[in-house]
Amino acid sequence: MAVGRFIALAPKMKNMIVHFHTSQNGSFFRKFTLFCLAKLLGAKTVVHIHGSQFEAFMTRNALFRLLTQFYFDRADRI
């Protein structure tokens, strides 16, 4: 559903600011996918982190550390 909305907004995306509310586990992977799409389409991004266990999630293994570092490094604001 959200991916379809993103695709529909693609021509306008580079003039938009997209605000992501993310948490650990499934929430992270859903928002990470949309985040990457938004960045590819030229949007500015704000990442809002929720979840009391996010630090434990992001340090769980090397892949999660890499993905969260990518996410945070490329967000325009956190």
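Residues numbered from 1 in each chain as written. Predicted model: local features only at pLDDT ≥ 70, side-chain atom pairs only at ≥ 80, totals over all residues. Heavy atoms only, no water.

S.K.: If you had to explain the pairing of strand S1 (residues 17–22) to someone new, which residues and values would you point to?
M.R.: Side chains Val18, Phe20 and Thr22 project from S1 onto a buried face, and the interleaved Ile17, His19 and His21 project onto a face without burial. Sheet analysis places S1 next to strand S2 (residues 44–49), joined by six bridges and oriented parallel. Bridge pairing links Ile17 to Lys44 in S2. As for the winding sense of the linkage, the β-α-β connection from S1 through helix H2 (residues 26–40) to S2 is right-handed. (Buried < 20%, exposed > 50% of the residue type's maximum accessible area, 1.4 Å probe, protein only. Helix = DSSP H or I, 4+ residues; strand = E, 2+ residues; numbered from the N terminus. Pairing = 2+ DSSP bridges. Right-handed = clockwise from strand over helix to strand, strands pointing away.)

S.K.: Which residues make up the nonpolar core, and what are the values?
M.R.: Grouped together as the largest cluster of nonpolar side chains are 18 residues, with contacts concentrated most on Phe6, Val18, Phe20, Phe28 and Tyr71. Among the elements of the structure, S1, H2, helix H3 (54–58) and helix H4 (62–74) are those that each provide at least two residues to this core. With five residues, the single largest contributor to this core is H2. Apart from residues lying up to four places away in sequence, Tyr71 is in contact with Phe20, Thr22, Phe28, Lys31, Phe32, Phe35 and Val47. (Core = buried A, V, L, I, M, F, W, Y, C linked by side-chain atoms within 4.5 Å. Contact = heavy atoms within 4.5 Å.)

S.K.: Give a description of the packing of aromatic side chains that names residues and reports values.
M.R.: Following the criterion strictly, the structure yields 15 aromatic pairs and no others. Look at Phe28 and Phe54: their rings are 6.2 Å apart centre to centre, the planes differ by 55°, and that puts the pair in the tilted class. Note that Phe28 is positioned in helix H2 and Phe54 in helix H3, a separation of 26 residues in sequence. For Phe28, a relative accessible area of 1% gives the class buried. Here the aromatic rings of Phe54 and Phe57 are separated by 5.8 Å at their centres, their planes lie at 50°, and the arrangement is tilted. (Phe/Tyr/Trp six-rings, centres within 6.5 Å; stacked < 30°, edge-to-face > 60°.)

S.K.: Would you mind going over the packing of helix H1 (residues 2–9) against H2 in detail, with residue names and values included?
M.R.: In contact at an axis separation of 11 Å, H1 and H2 are set at 5° when each is read in the N-to-C sense. For the element pair H1 / H2, the angle class is roughly parallel. The segment H1 lies against H2, with Ala2, Val3 and Phe6 engaging Leu34, Leu37 and Ala38. Broken down by class, the residue content of the contact of H1 with H2 amounts to six nonpolar, no polar and no charged. (Axes fitted to C-alpha atoms, helices over the stretch in contact; angles between N-to-C directions. Parallel < 35°, antiparallel > 145°, perpendicular 65-115°, else oblique. Nonpolar A, V, L, I, M, F, W, Y, C, P; charged D, E, K, R; others polar.)

Limitation: the analysis is restricted to geometry and does not speak to function.
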